[in-house]
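Summary of structural features
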Amino acid sequence: MAVALRALLRPARAPAPARLLLRAPIRLSSAGTQFQYLMVEKKGAKQNVGVIQLNRPKALNALCDGLMNEMNQALDFFEKDPDVGAIVITGSEKAFAAGADIKEMQNRTFQECYGGSFLAHWNRVSLVRKPVIAAVNGYALGGGCELAMMCDIIYAGEKAQFGQPEILLGTIPGAGGTQRLTRTVGKSLAMEMVLTGDRISAQEAKEAGLVSKIYPTEKLLEEAISCGEKIAGNSKLVTAMAKEAVNAAFEMTLTEGNKMEKRLFYATFATDDRKEGMAAFVEKRKANFTDH
Ligand code: HXC
């Protein structure tokens, strides 16, 4: 594990009060902090967007265990940082991620997988309370596509390709591919992708509702950070409620989801930020949210 990674993580592990954790010297420089498999840094004019860049180029960012452990640590870190209002996950120009590490999986037995809940920790991304944007250039295959789908928003570079090719390896998606993809693009396209292993282009992914925007390859990250800055400029408290409400649409019936939405809507009236937002509108000025 790189020295800088240990320095980055030390505060989060120390048994100290939360305020101290956040003030501990954390080495997040504009040049980036070098994990073994990730580049992690804060970006944006106000340094309020956490960027996690997969950095395992020789294996096209295949998601080995070490990489996913680091991903979870980086997410924990940004989740605790009160200045960070959104997180961007990205890869390289060639690959967002080419899937789970096949070489690492190759000799696993059923007993090891089932008994050890193999890859169960992969869903951390879907549990983050702050908004997460996937900026996908190149391949997003298998676990890579699943990782993108665990994020809240997917932006794609114009040459991105999405696919669930596990069937070609004699297995099936195992981190939500059959579930999130089907809910997002519908049964026919999901079935086609999962049963043939065929990939879809960025344009097809946009038409199917898998990605919300497509940008030129070299502009993608900048645009994703800019979206993150927009989100981070709103109330972080109310943003978390909005995210929770939208996510309920994937978990609940319409009646239950609408009830939950209404409860969260009412809850915004207990916040200073709701008062400030409406006062600012009436007074024709920009709202100054304090996340209270
Ligand atoms: C391990 C991988 C890898 C992977 C690529 N590499 N994908 N290593 N696991 N998933 C490695 C290759 O072995 C090679 O290293 C190097 O990356 C470059 O890959 P090439 O194949 O030479 O590149 P290219 O010809 O450009 O082809 C790119 C590619 C192809 C189309 C993306 O690599 C590919 O099909 N990869 C596998 C994609 C896949 O099946 N993903 C699903 C995995 S299963 P070396 O050192 O050998 O030259 C999965 C299940 C998730 O994700 C379950 C979650 C619970």
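Summarised in this report is the structure supplied together with it.

Reading the values: rules and limits
Residues numbered from 1 in each chain as written. Predicted model: local features only at pLDDT ≥ 70, side-chain atom pairs only at ≥ 80, totals over all residues. Heavy atoms only, no water. Axes fitted to C-alpha atoms, helices over the stretch in contact; angles between N-to-C directions. Helix = DSSP H or I, 4+ residues; strand = E, 2+ residues; numbered from the N terminus. Parallel < 35°, antiparallel > 145°, perpendicular 65-115°, else oblique. Contact = heavy atoms within 4.5 Å. Nonpolar A, V, L, I, M, F, W, Y, C, P; charged D, E, K, R; others polar. Near = heavy atom within 4 Å. Polar contact = N/O pair within 3.5 Å; in protein donor to acceptor, adjacent residues only side chain to side chain. Areas by Shrake-Rupley, 256 points an atom, 1.4 Å probe, with all protein chains shown as cover. Buried < 20%, exposed > 50% of the residue type's maximum accessible area, 1.4 Å probe, protein only. Right-handed = clockwise from strand over helix to strand, strands pointing away. Pairing = 2+ DSSP bridges.

1. Focus: the packing of helix α12 (residues 236-251) against helix α13 (residues 254-268)
Interaxial distance between α12 and α13 falls to 9 Å at its minimum, and their mutual angle equals 175°. In terms of their interaxial angle, α12 and α13 are classed as roughly antiparallel. Between α12 and α13, the contacting residues are Val238, Met241, Glu244, Ala245 and Ala248 on the first element and Met260, Leu264, Ala267 and Thr268 on the second. Partitioned by chemical class, the residues of the contact of α12 with α13 number seven nonpolar, one polar and one charged.

2. Regarding the site of the ligand
Around the ligand, a shell composed of 25 residues is seen, among which Lys94, Ala98, Ala100, Lys103 and Gly143 lie nearest. Within the backbone of Ala98, an N or O atom sits 2.9 Å from a nitrogen atom of the ligand. Contacts to the ligand include Ile102, whose backbone N or O atom sits 2.9 Å from a nitrogen atom. Alone, the ligand offers 1,000 Å² of accessible surface; in the complex the protein occludes 67% of this. For the shell around the ligand, the secondary structure elements donating two or more residues are α4 (102-105), β7 (139-141) and α7 (143-150). Element by element, the count of residues in the shell around the ligand is highest for α4, at three residues.

3. Some remarks on the pairing of strand β4 (residues 86-90)
With five of five residues buried, β4 is to be regarded as a mostly interior element. Residues Ala86, Val88 and Thr90 point to one face of β4 and Ile87 and Ile89 to the other, with burial holding for every one of them. Taken together, strand β3 (residues 49-54), helix α3 (residues 65-80) and β4 constitute a β-α-β crossover, and its handedness is right-handed. As paired strands, β4 and strand β6 (residues 132-136) are joined by four bridges and run parallel to one another. Of the residues in β6, the one forming a bridge with Ile89 is Ala134.

4. As for the environment of Asn48
Counting through the fold element by element, Asn48 comes out in the loop between β2 (38-43) and β3. Along the backbone, Asn48 and Gly85 are 37 residues apart, and their C-alpha atoms lie at a distance of 5.7 Å. If we skip the residues at most four places from it in the chain, Asn48 touches Lys43, Asp83, Val84, Gly85, Ala86, Glu229 and Ala232.

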